[in-house]
Amino acid sequence: MKVLIAIDSFKGSVSSAEGSEAIASGIRAVYPDADIAQVPLADGGEGTTEALVLATGGRFVSAEVSGPLQEPVSATYGILGSGRTAVIEVAAACGLPLVPEARRDPLVTTTLGVGELILDAIGQGCREFVIGLGGSATNDAGIGMLHALGYRFYSERGELSSFGGQALADIRRIDASGAHPLLKECSFRIACDVNNPLYGPNGAAYVYGPQKGASQAVVEQLDRGLESFARTVLSELGLDIGSLEGAGAAGGLGAAFAGFLQGRLESGIGLVLDVVGMEEKLRGADIVITGEGKLDGQTSMGKAPLGVASLAKQHGIPVIALAGGVTKEASALNEVGVTSYFSIVGAPSSLEQAMDPANARDNLRRTAEQLFRLIRAVK
């Protein structure tokens, strides 16, 4: 029997790699000689670097960069097995957890460190980039990142702009002449599962600003700055970043990648499945195991289990989905490729108990073993 295990992490509990190994252990208790392939997954958000590095036999790289408050932070990114592709989660350099709650202020937080990570990866020989947007503490439309890459932004008075969202409204001139020359050789694939424009009621500031520490007055200031910056970019460079779907992701980093770096905004799980070669890995599989911490209505709108199940369905392979919690909305998954789904929690317990890593691993192992006992009995 050939089994493919392709699960997302059970966030706050076990990583995709740890969960996969627990499931494999349960299967081997029933089928000791089973051919089991483990492909750790993520949906473009947290855990994407780890999943892609492990799936491709790559390596992790740590670099000291400027954090969101311009204080040094140690950030980790990945280089995939090919040696040419870097995978970077922007949160590693400008994530919300890097800013103490009392100091959260998107007027001043910057994406400078994201650009520094890109430079480090270029120095390592990478020319292809997979970027995970999400979890940023910033709302600077990517000017910090672009500054690190050699772009310069000036006010009407000819002064070099400062950092953070506060700088956007004053920018009137953009100098791209100092952009790193090797950027022309680089391609960027951006995992982006939101369609927010850069500014306006559904833009970066109004939708995401409050969770980054912005008051209503600051949200309005940021939104005016984003709109002003978009007008400047259009007049200076001929790039229309304002209305791009996904431009508002990660405080406007979506706009910076798509506009300045010609990045391609893609579905997170679709991108990940392509990079790991999931379609090829599915060939010959008898059963696919997928899952994540919770199967609900969000799962059927683009999460990892949906992507795996959709591909498996094309090949006629049955799919079992496992999760800590399952809501009634998860039934929609049966229409898109999930043959059956199960909660791994076998008895009443608190959320804390269910999410305890040791308990979660044991529950995954036990559930997998019992499912494959049933499969063996009916084969």
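Residues numbered from 1 in each chain as written. Predicted model: local features only at pLDDT ≥ 70, side-chain atom pairs only at ≥ 80, totals over all residues. Heavy atoms only, no water.

### Looking at the overall build of the protein chain
Put simply, the rule is: A run of H or I in DSSP counts as a helix once it spans at least four residues, and a run of E counts as a strand once it spans at least two, with each numbered from the N terminus. As defined in this context, the radius of gyration uses C-alpha atoms, and a globule is described by 2.2 Å times the residue total to the power 0.38. Only protein chains enter the area calculation, which uses a 1.4 Å probe; residues under 20% of their type maximum are buried, those over 50% are exposed, and those in between are partly exposed. The contact criterion used throughout is that any non-hydrogen atoms of two residues lie within 4.5 Å. Shrake-Rupley sampling with a 1.4 Å probe provides the accessible areas, and residues are treated as covered by the protein chains on show and by no other component. Residues scored as charged are limited to Lys and Arg (positive) and Asp and Glu (negative), so that His and the chain ends carry no count. Where a charge lies is defined by one atom per residue type: Lys uses NZ, Arg uses CZ, Asp uses CG and Glu uses CD.
Each helix and strand in the protein chain was counted, giving 13 helices and 13 strands. Relative to the 2.2 N^0.38 estimate, which gives 21 Å for 379 residues, the radius of gyration of the protein chain is 22 Å and therefore close to what a compact globule would have. Each of the 379 residues in the protein chain was classed as buried or not, and the buried ones make up 53%. Long-range pairs, those at least 24 residues apart, make up 71% of the contacts in the protein chain between residues at least 6 apart in sequence. Of the roughly 15,700 Å² that the protein chain leaves accessible, carbon and sulfur atoms contribute 48%. Looking at the protein chain, you have 30 positive and 42 negative side-chain charges, and the mean spots of the two groups are 4 Å apart.

### Digging into the pairing of strand S1 (residues 2-5)
In plain terms, the rule: Criterion used throughout: strands pair if DSSP finds at least two bridges between them. Assignment of crossover handedness uses the view with strands pointing away from the viewer, where a clockwise path from the first strand over the helix to the second indicates a right-handed crossover.
Looking at chain direction, S1 and strand S2 (residues 35-38) are connected through four bridges and run parallel. Opposite Leu4, over in S2, you have Ala37 as the bridge partner. With helix H1 (residues 16-28) bridging S1 and the parallel S2, this β-α-β connection has right-handed handedness. Relative to strand S11 (residues 287-295), S1 runs parallel, the two being bridged by three bridges. Bridging across to S11, Leu4 finds its partner in Val288.

### Here we look at the packing of aromatic side chains
Going by this rule: For Phe, Tyr and Trp, where Trp contributes only its six-membered ring, two rings pair if their centres lie within 6.5 Å, and the inter-plane angle classes them as stacked under 30 degrees, edge-to-face over 60, or tilted in between.
Counted under the stated rule, the structure contains seven aromatic pairs. Note on Phe153 and Phe260: the rings are 6.3 Å apart at their centroids and 70° apart in plane angle, and the pair reads as edge-to-face. Here the residue Phe153 occupies a position in strand S7 (residues 152-155), and Phe260 occupies one in helix H8 (residues 253-260), the gap between them amounting to 107 residues. When sorted by exposure, Phe153 lands in the same class as Phe260, which is buried. For the ring pair Phe229 and Phe260, a centre distance of 6.4 Å and an interplane angle of 10° mean the geometry is stacked. One end of the pair, Phe229, is in helix H7 (residues 216-237); the other, Phe260, is in helix H8, with 31 residues separating them in the sequence. On the accessibility criterion, Phe260 (5% relative accessible area) is buried.

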